[in-house]
Amino acid sequence: MMDKGDNAVVMVENLSEQIEILQLRVEQLSTRLQALEQGKAATSPLQQPQATPSAAPPAMAGSAAGAPQALPPLFDTSALLPRISTICFLLVIALILRTITDNQIIDTRAGSILGMAYACVLILLGWRLYAKNSRLAPVFPGCGILLLFSIVLETHKHYGSLSTDGAYTILFLAGATVFALSIRYRASYLICLGVPGAAATAMAIDFPYPDFHILSLLLLSAIIAASYAFKQQMCRYLRWFTLLLATLFWLLWTSKMNTIPNCAEPVAEAMDPDWFFPMLFCFWGVYLATVILNVLNKELRLGFFESVIPTVTAAGAFGAGYVAVRNWFQEELWFYGLMVVIATLHLVIAWWLSRRDREQSTGVNVFILAGACLIVLTSATFFKHIGFILPVWSASALGLALLSAYLHNEGVRVTSYLLQATACFTAISSGAVLVPAQAPVAAGLAGISLCLFSLVQYNWSRSHAPDPSHSFFFSKLDTHNYSATLLLVIGLLGGYFFAQLVLYQGLSSMASEFMPRFKSGQSLIINTGALILLYIALKRRNREILLIGSMVALTGAGKVFIFDLLGIKGMPLVLSVFSTGVVAAFGSVVMGRWQKKEAEPA
């Protein structure tokens, strides 16, 4: 039986060799046929390599004869199968150690030490294999680091034989070792395993009551490692993962700080309130430094991450600090002062970068946006009546628009649009410009400032077209600067709220039952604005203003025929309907003259 089996094996091998020879011959004939079709001299059969079992693969022969090189297979079986078998054998050894530990053949502590030692040996073997360029080099450190993370987590959480500080120390050392190995041999996948694995495992230890200040140090090291890996063009998306872990960490710590400060002593001590602000500003400083270094590095192009991270970290640090200072500190003035200093620092960095690079001003808008965000958040929480600070926001938006032309940076122009929109949204959502107003003076200032500064900014924006050559927004997303229309809308809203406030204050001082006249007055304000817009559109032949004026006219008509007809009566209703008729008649005249002018030859 054994002889028959051996003969069968030999026959199969011979058949495989014959098939390989036939494949090689077919490849050679195809190459010669292709050469003949292209009018080239075909290669002589005498020059073709002999087809032997040790000859080059068909793809190699075809390439040598001038044919296109065949694409490699999706999985290189020559390396894949040995790696899979190696992983299986390494896993078998780990399972044997786990089995003898679970069956109490050896002590649990000794089993954990053996398991961690085995994982460390695998990591160290990775150094040697990478030095020899072995195809099994990625297997040993990859298996070792994953095995070590699981052993540390289980030993600490289930068996309790490993202290928290010891677990953090092992995770840090293991992550640092794998990181150094990855950088030394350009092994990107090891960074993607080691750095986020160590950080995620550290987050899982003692969750949701970790040792916050030690965990924060480990996360800081992961952030620095991810930034360095990005500079080395390795594992580029690791920064987003570490940012996600950092966000979850600060949400957890901030939620713990949002408690009564005079709680039980062990609970208060576990929150580490004395470490909160030092570590918070360390995180902010590390992220700020990484962005500055990337801006200064001419070889790196700023991406979406660098564009948003200063604003995200500044806003996040303010939110976390605001929660902590309200619950754990009696005095809040120092916090607001510190936020103003940090916001000013962002603006100073932006100015320094603009002086350093006058042509493109790379990275300037990144820090201007972060500084403006901090100023908005600080002033919005510090001032009791936000109406007094809204004029400053609106004027600052206009100033940023003018500054964008000086800096030749269209990103600053976009930031000015966003700041003006933020001022308008805050004015409406906070009720600062609505009636009845708690502070009429503040409401009046907010409304008139939004109207004047927004309209001036809109007029400037239309007379100074943006340069799309160095702006992704204006070259790809808004090639015709349609976003400037938002400024016109904000200006009209500001004018409406100011006129409405003046009307409300005047009517309320004359009579007690004034709401019908007030509602009619609102309609008159809207229709008057529509008339002005339609007239300006006709004089300037501006389609954009014509469209906005038509929308305002439709808004006024909707208010009259939906709300006024059902809510008021008498002379106020007559005035509302009459004003709508006047707008409709004037709109008809405008459209007629518009079409007539368009029909005239140029």
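Refer to the structure presented above.
In every chain, residue numbers begin from 1 and rise along the written sequence. Where local features are concerned, this predicted model is filtered to residues with pLDDT of at least 70; where side-chain atom pairs are given and counted, the filter is 80 or more; whole-chain, interface and lining totals use all residues. The side-chain figures draw on all heavy atoms in the structure; neither hydrogens nor water molecules are used.

A. Geometry of the pattern of salt bridges. Should a side-chain nitrogen of Lys or Arg be within 4 Å of a carboxyl oxygen of Asp or Glu, the pair is scored as a salt bridge. Evaluated as defined, the whole model comprises six salt bridges. Between Arg 239 and Glu 306 there is a salt bridge; the shortest N-O distance is 2.5 Å. Residue Arg 239 is found in helix α9 (residues 238-257), and its partner Glu 306 is found in helix α12 (residues 304-328); the two are separated by 67 residues along the sequence. By relative accessible area, Arg 239 is classed as buried at 8%. Accessibility here uses a 1.4 Å probe with only protein chains present; expressed as a share of the type maximum, an area under 20% marks a residue as buried, one over 50% as exposed, and anything in between as partly exposed. Overall, Glu 306 belongs to the buried group, its relative accessible area being 2%. Ionic pairing is found between Arg 413 and Glu 410, a salt bridge with its closest N-O pair at 3.0 Å. Placement of both Arg 413 and Glu 410 in helix α16 (residues 410-429) is noted, with a separation of three residues, approximately one turn of the helix. For the pair Arg 413 and Glu 410, a shared accessibility class is recorded, and that class is buried. Salt bridges here are not isolated pairs; linked through shared partners, they connect Arg 98, Asp 102 and Glu 154. Under the scheme used here, helices are H or I runs from DSSP no shorter than 4 residues and strands are E runs no shorter than 2 residues, and both carry numbers assigned from the N terminus.

B. Expanded view of the packing of α16 against helix α17 (residues 440-463). A fitted line through C-alpha atoms serves as each axis, taken over the contacting stretch for helices, and the angle formed by two N-to-C directions is quoted from 0 to 180°. At a minimum axis separation of 12 Å, α16 and α17 run at an interaxial angle of 155°. Judged on the interaxial angle alone, α17 and α16 are roughly antiparallel. Crossing angle aside, the handedness with which α16 passes α17 is left-handed. Contacts from Arg 413, Ser 416, Tyr 417, Gln 420, Ala 423, Cys 424 and Ala 427 of α16 reach α17 at Leu 450, Phe 453, Ser 454, Gln 457, Trp 460 and Ser 461. When the residues that make up the contact of α16 with α17 are grouped by side-chain class, the tally is seven nonpolar, five polar and one charged. Angle categories: roughly parallel below 35 degrees, roughly antiparallel above 145, roughly perpendicular from 65 to 115, and oblique for all the rest. Here a crossing is taken to be left-handed if its near helix is turned anticlockwise relative to the far helix by less than a right angle, and right-handed if that turn runs clockwise. Any two residues whose heavy atoms approach within 4.5 Å at even a single point are treated as in contact. Under this grouping Gly is polar, as are all residues other than the nonpolar Ala, Val, Leu, Ile, Met, Phe, Trp, Tyr, Cys and Pro and the charged Asp, Glu, Lys and Arg.

C. Structural view of the nonpolar core. Ranked by size, the top nonpolar core spans 134 residues in total, and within it Phe 276 and Phe 367 carry the most contacts. Looking at which element gives the most residues to this core, the answer is helix α11 (residues 273-296), with twelve residues. Residues within four places of Phe 367 in sequence aside, it is in contact with Leu 288, Val 291, Ile 292, Val 295, His 346, Ile 349, Ala 350 and Leu 353. Here the nonpolar core consists of buried residues drawn from Ala, Val, Leu, Ile, Met, Phe, Trp, Tyr and Cys, with membership extended through side-chain atoms lying within 4.5 Å.

D. Highlighting empty space enclosed by the protein. Method remark: on a 1 Å grid restricted to protein atoms, a set of points is classed as a cavity if a 1.4 Å probe fits but cannot get out and as a pocket if it is open with protein on both sides within 12 Å along at least five of seven lines; lining residues have an atom within 4 Å of a point. Grid points are joined across faces, edges and corners, and a volume is the space filled by probe spheres set on the points. One pass over the structure, following the stated rule, counts four cavities of 30 Å³ or more. Its boundaries defined by the atoms lining it, the largest cavity holds a volume of some 70 Å³. As for the largest cavity, its lining consists of Ile 223, Ala 226, Ser 227, Arg 239, Thr 242, Tyr 287, Thr 290, Val 291, Asn 294, Phe 305 and Glu 306. Only α8 (212-231), α9, α11 and α12 provide two or more residues apiece to the lining of the largest cavity. With four residues, the single largest contributor to the lining of the largest cavity is α11. Taken together, the residues of the lining of the largest cavity break down into five nonpolar, four polar and two charged. Size it by volume and the second largest cavity reaches roughly 40 Å³. Partitioning the lining of the second largest cavity into residue classes produces two nonpolar, one polar and three charged.

E. Local environment of unusual backbone geometry. In this structure, Pro 208 follows Phe 207 across a cis peptide bond, with omega equal to 5°. Tracing the sequence through the fold places Pro 208 in the loop between α7 (188-204) and α8. Following Val 435, the chain continues into Pro 436 via a peptide bond in cis, with omega recorded as -5°. Within the element layout of this structure, Pro 436 appears in the loop between α16 and α17. Unusually for a residue other than glycine, Gln 104 sits at a positive phi of about 60°. Looking at where Gln 104 falls in the secondary structure, it is placed in the loop between α3 (77-102) and α4 (108-131). Judged by relative accessible area, Gln 104 falls into the exposed class, the value being 57%. Phi is positive for Gln 233, close to 60°, though the residue is something other than glycine. Topologically, Gln 233 is positioned in the loop between α8 and α9.

F. A look at the state of the cysteines. Criterion for a disulfide: a pair of cysteine sulfur atoms at a distance within 2.5 Å. In this structure the tally under the stated criterion is one disulfide. The disulfide bridge from Cys 192 ends at Cys 235, spanning 2.1 Å between sulfur atoms. What sets the handedness of the Cys 192 and Cys 235 disulfide is the S-S torsion sign, and at about 135° it is right-handed. With a gap of 43 residues between them, Cys 192 in helix α7 and Cys 235 in the loop between α8 and α9 connect regions that are remote in the sequence.

Fair warning: the whole summary comes from geometry, so function is off the table for now.
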